[in-house]
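Chain by chain, the residues:
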Amino acid sequence: MDVKTIIPSTRATIMIVGEAPGEVEEKCGMPFVGSDGTTLRKILTQAGIFYGECIITNTSCRRIKTFFLDKKQENPTPDFALQIARLKDEIETLNPNIIVALGAIPLRVLTGLSGLKALRGTIVQSSLVPGKKVLVTYHPKAVTYDWSLFYQSVMDFRKVRHESLNPEFREYKAELKVAPGKQDILQYLDFLYENRKEFVVAIDLEHLTPGAHISWFGISHNENFGMSVRFIENRVQCFPEMDEVEIWASIAKLCSSGIKLVFHNASYDVMNLWHNQGVWCENIHFDTLLSAHVLWPEFPKDLGYLCSILLNVPAWKHTSGNQYEHGEYNAQDAANTRALYDKMSPLIAADENYKVTFEREMAQIELAGYMQLRGVEVDPAQKEALHKEFFEKMTAIETGLSTILKKEINFSSPKQMQELLYVDMGLPVQYKRRKSADDPRVVTTDAEALEKLYIATQDPVLKLLLEYRKYNKILQSINIELSPENKAHTSYNISGTETGRWSSSKSIILDYGSGNLQNVDRRVRKMYRGPANCRLIQADYIGAEAHVVSHLIQDHKVIKAFDDGTDIHKLTASIMFNVPYDEVTPELRTIGKTIRHATNYSAGPAVLQSKLKVTLKVAKEYLTRFQNATPQLALWHEKLRAKLSEDRILVTPLGRKRIFMDRWGDQLFRSAYAFVPQSTIGDLLNISMTDFYEKNKTEKGFGLWMQLHDAIYVWYDQNLDPVPIAQKMLESMHRPIKLPHIDLYIGVDFKEGENWKEMEGLKI
DNA sequence: GATTTTACGTA
DNA sequence: CGTACGTAAAATCT
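Residues numbered from 1 in each chain as written. Chains lettered and ligands numbered in written order. Predicted model: local features only at pLDDT ≥ 70, side-chain atom pairs only at ≥ 80, totals over all residues. Heavy atoms only, no water.

Caption draft 1: How the structure looks around the protein's contact with DNA strand C. As a structural note, the neighbourhood of DNA strand C is formed by 33 residues, with N410, S413, R433, V607 and R670 the closest of them. Backbone atoms, meaning sugar and phosphate, make up 77% of the atoms of DNA strand C lying within 4 Å of the protein. If you tally residues by element for the surface near DNA strand C, the top one is helix α27 (residues 666–696), at five residues. For the surface near DNA strand C, the per-class residue count stands at six nonpolar, 16 polar and 11 charged. (Near = heavy atom within 4 Å. Helix = DSSP H or I, 4+ residues; strand = E, 2+ residues; numbered from the N terminus. Nonpolar A, V, L, I, M, F, W, Y, C, P; charged D, E, K, R; others polar.)

Caption draft 2: Fine view of the sheet that holds strand β8 (residues 214–222). Here six strands make up an open sheet; going across it, the order is β6-β9-β8-β7-β12-β13 and the pairing mixed. Two strands lie at the open edges of the sheet, namely β6 (175–178) and β13 (284–287), each paired on one side alone. Here the strands of the sheet are splayed against their neighbours by 25° on average, with no regard to which way each runs. Bridge count between β8 and strand β9 (residues 225–230): five bridges; the pairing is antiparallel. Bridge assignment links G218 to a residue of β9, and that residue is S228. On top of the sheet, helix α9 (residues 241–255) reaches β7 (200–207), β8 and β12 (260–263); it is set at about 45° to β8, its chief contact. (Pairing = 2+ DSSP bridges. Axes fitted to C-alpha atoms, helices over the stretch in contact; angles between N-to-C directions. Contact = heavy atoms within 4.5 Å.)

Caption draft 3: Representation of α27 in the model. Taking 1.5 Å as the rise per residue, α27 with 31 residues should run 45 Å; its terminal C-alpha atoms sit 45 Å apart, in good agreement. If you look at α27, its biggest bend is around 35°, right at F675, and the proline P677 turns up within four residues after that. The element α27 is extensively covered by neighbouring structure, given that 23 of its 31 residues are classed as buried. (Expected span 1.5 Å × (residues − 1). Bend = angle between axes of the 7 residues up to and from the residue. Buried < 20%, exposed > 50% of the residue type's maximum accessible area, 1.4 Å probe, protein only.)

Caption draft 4: Fine view of the environment of W216. Mapped onto the elements of the fold, W216 is located in strand β8. With relative accessibility at 1%, the residue W216 sits in the buried group. Residues W216 and V229, spaced 13 residues apart in sequence, show a C-alpha to C-alpha distance of 5.5 Å.

Caption draft 5: Local environment of the sheet that holds strand β23 (residues 711–717). Strand order in the open sheet made by the five strands is β22-β23-β19-β26-β27, with antiparallel pairing throughout. The two strands at the open ends of the sheet, each matched to only one other strand, are β22 (702–707) and β27 (759–761). Strand-to-strand twist of the sheet, defined as the mean angle between neighbouring strand axes without regard to direction, takes the value 30°. Note: β22 against β23, five bridges, orientation antiparallel. Across the sheet, the residue bridging to M706 is Y713, located in β23. The sheet contacts of α27 involve β19 (534–541), β22 and β23, and relative to β22 the element is tilted by about 160°. The sheet contacts of helix α28 (residues 722–733) involve β19, β22, β23 and β26 (748–753), and relative to β19 the element is tilted by about 30°.

The following block contains the structure:
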């Protein structure tokens, strides 16, 4: 039976086209009746579209095995060709203002194009019925499979709603000036400078790798105009030396004039301009990357994606095609960034939480850039010594292993390790711990599995394998390339996480060091240090996340302990094992610490088992005992779940908002439990650090060295007294978290030393 | 050659 | 069935 197109009784402006009916649809004779239909209805509801006012159909109104005869999808099968003709007929008769293509097949049929990912969210002209607008988005089946696509689909349908108001296809008509001559460039820059009080100007750079030398400079003051200055072509300068100097001088004059500047990831562009060209951007007015991060931390944030949901521009994707093409993208990037500013700034301004969070992130741009360019010093002699030490250890184990195993094995190869453990040695196959009960079981040879097998068999080979891999990993973090000044650099990413913590990754501008400086192995930290004749001060928030949790759940015993400066983990152990506080042994304290941490984030017994190296039974017992001692925690978790079921939104005490879009279940809950404490401390530290930077950036004998989620590091001249400097750090870090019932202050602990490893308590 | 998976380091 | 990250090397895809 044919599945009939659903046609509303009044004239419909939106036509939704799926692929082909499935078994269920064919039986009822209705499109989208199964789980895909449920998903589609949910998406439409969220987007403010009534299902009943849409024309709903498929490219084929009966089940179909093969759509096309060829792989290129140019020739439909005879059956499908008839269906396409039927669809064309329906479009012409029903005359909707906009057609939505759900997935790749409708995209192909309606537009003749392919490449769903690149075209998603954009409006293209139909080739089937010329003049008709087609918006491309995911098929609900893809959303049902990967729920994180849900809100992206909602955004697409919001655009559909807007586009359904009229049938006109608007041609993209921006004027793009690519690689103009010197006079044109200077004339435009002068024009911008003359209007510096009124204009908002977007800038975008393209660079060469390695070195991040600027090859194209894109600039736009208006969404319908973009200019791309070509500086380098095929590694050769495009302008005579003096002309290039003149152009850069003009750019520098404009950027330092106080004109409002807009970027997509300012800490990269601004610092590249400064580092490579000495151009200083005085007024970083708006960053579209940061605004996207504040508005939708869970969405993709690249320019192409943002344009697809907020603008009406055709998809323009970056290819490594010819140079001129690259310039066109660059000019369009600048124009689109300028257009995004117009769309995004009202969204930020409309919500107080968005506003404060955005302003806070904007305030971090200069600091993040500064810390990237500054880098951290490494002692080459210490690096060499560490390498020698661990290389010898690794070699010794390698020799031991090769005499026992008699065959060459790459211990870094999961495949070969599986062969060795589960085939040659005949050990019981170990599986990775799953995130959710319905995840598939995956065979593993990771450290946790090896530990488990070692406990069971006491086979020394397992211990050797563990040690070999450990030393091999450490050597990786020692064998890093240093800059000519013996420094390692990292790019601190303000928008790197969904919590507001910074992430740390390889710097494009100064590609030296391990890249991520936030996961450096403790055993190699000895080689990192401050400048010559300087030492380091560390300031970290004490038990920060646990402190926040204790207030959120109103655990008065623990709150009081934090207030009194009692050792919280000792207290935990004392309560759990029912021993007097003063008789808690270090071993018991460790157990208390691990359990508190694990339980706050709803870890299961298997995690405790592997962390504490106890049996599953004992781990379960510990958990039960802790939960009994802290009944408030489960209540709070319940409260969070109730809030999530209401609107899936959580807001932290510092105003950061996050929508939890995962499929309803334990994994979503655990992310939610972790969010508020983790985000609050991340934001608190970044606020404090920015405050410290702004207040002290002109000081000579000390300065910021590193950021580590809940700690900051400062280098200082060893001839100075560290205490007053630590006091300045404390001034910036002693900062209230405003909770409904109290202003919460998190304690700060200080350490001091000559390198990142050897640090000892500093009393202030 | 590009992309995904595995393993593992940090808070 | 802790979350939040990034990277190297191996495995896999095209």
